[in-house]
Amino acid sequence: MELLEFSERIRLIFDTDIEHLGDALMKAVLNNDQAKYDAYIEAVDGDLSEDYIRNVYQYYLADRKEMMQDFTPSSMAKLVAMLAGDDKTIIDLCAGTGTLTVKKMLVGNPDFIIFEKDERVIPFLLFNLVIRNINTVVNVGDVLSDDQTKRYWIKAGERYGHVINQ
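Basis of the calculations
- Residues numbered from 1 in each chain as written.
- Predicted model: local features only at pLDDT ≥ 70, side-chain atom pairs only at ≥ 80, totals over all residues.
- Heavy atoms only, no water.
- Salt bridge = Lys/Arg side-chain N within 4 Å of Asp/Glu carboxyl O.
- Helix = DSSP H or I, 4+ residues; strand = E, 2+ residues; numbered from the N terminus.
- 1 Å grid on protein atoms, 1.4 Å probe; cavity = no way out; pocket = protein on both sides within 12 Å on 5 of 7 lines; lining within 4 Å.
- Points joined across faces, edges and corners; volume = space filled by probe spheres on them.
- Nonpolar A, V, L, I, M, F, W, Y, C, P; charged D, E, K, R; others polar.
- Axes fitted to C-alpha atoms, helices over the stretch in contact; angles between N-to-C directions.
- Parallel < 35°, antiparallel > 145°, perpendicular 65-115°, else oblique.
- Contact = heavy atoms within 4.5 Å.
- Buried < 20%, exposed > 50% of the residue type's maximum accessible area, 1.4 Å probe, protein only.

> Is there a simple way to explain the pattern of salt bridges in this structure?
Opposite charge on two side chains permits them to pair, given that their charged atoms come into close proximity. Applying the stated criterion across every chain yields a total of five salt bridges. Linking lysine 117 and aspartate 142 is a salt bridge whose minimum nitrogen-to-oxygen distance equals 3.7 Å. Taken together, the positions of lysine 117 in the loop between β2 (111-116) and α7 (122-131) and aspartate 142 in strand β3 (residues 136-142) put the pair 25 residues apart, joining distant regions of the chain.

Have a look at this one:
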């Protein structure tokens with residue numbers, strides 16, 4: 001799917017411009033807005049094997065200058081997911097929007113412990129995990145200095161995960 005087409009679809013689902021998409025995603029996950037989840041899945045034609053929302057974040061919102069943000073290509077994430085083996089718990093130290101987690105989920109369904117420093121990408125990450133019904137702990141903060149500012153738990157549900165904010 002073309003980035004422009006997908007960006008327009010997601011903008012319409014969340015009734016916002018791309019600049020404020022993170023706020024709309026966070027509102028959806030904290031309110032467990034399953035209608036938005038369903039609309040997103042319909043917009044991607046049910047294909048949850050790709051992290052489409054990463055492309056929107058990377059193209060329009062990533063901070064490449066100060067934070068040097070550049071996200072893992074899908075092919076690299078798939079390779080790393082296969083190399084991770086069959087462990088019951090996977091740790092992702094710089095998760096971004098969750099591409100590695102999405103790919104690992106496709107080749108096994110472990111629990112995840114995730115770290116991400118940039119609070120602007122957290123709504124995209126949480127949304128990706130919730131719609132895929134992935135059990136995980138998301139730690140917000142600098143993994144190198146062990147400076148953690150927030151933690152979110154996502155508990156798998158019947159169809160979608162549910163965010164517990166701490």
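Moving on from the coordinates now.
> Hey, could you run me through the layout of surface pockets in this one?
Take a probe with the size of a water molecule and roll it over the atoms, and the empty space left behind shows itself. Taken as a whole, the second largest pocket encloses approximately 210 Å³ of empty space. As for the second largest pocket, its lining consists of 15 residues, of which Gly22, Asp23, Glu119, Arg120 and Pro123 are closest to the centre. Where the lining of the second largest pocket is concerned, the elements lending two or more residues are α2 (21-30), α4 (52-61), α7 and β4 (147-155). Partitioning the lining of the second largest pocket into residue classes produces eight nonpolar, two polar and five charged.

> How do you make sense of the packing of α4 against α7 when you look at a structure like this?
In a packed pair of helices, the relevant descriptors are the angle between the two axes and the axis-to-axis distance. Where α4 meets α7, the axes come as close as 10 Å, and the angle between the chain directions of the two elements is 170 degrees. In terms of axis orientation, α4 runs roughly antiparallel to α7. Across the interface between the two elements, Ile53, Tyr57 and Leu61 of α4 pack against Phe124, Phe127 and Asn128 of α7. Per-class residue counts for the contact of α4 with α7 are five nonpolar, one polar and no charged.

> Which parts of the structure should I look at to understand α2?
Buried residues dominate α2, accounting for seven of its 10 residues. Those residues of α2 that fall on the buried side of the exposure criterion are Leu21, Gly22, Ala24, Leu25, Met26, Ala28 and Val29. Among the structural elements, α1 (3-14), α3 (34-43), α4, α7, β4 and β5 (162-165) are those in contact with the buried residues of α2. Backbone geometry just downstream of α2 places asparagine 32 in the positive-phi region, at approximately 50 degrees.

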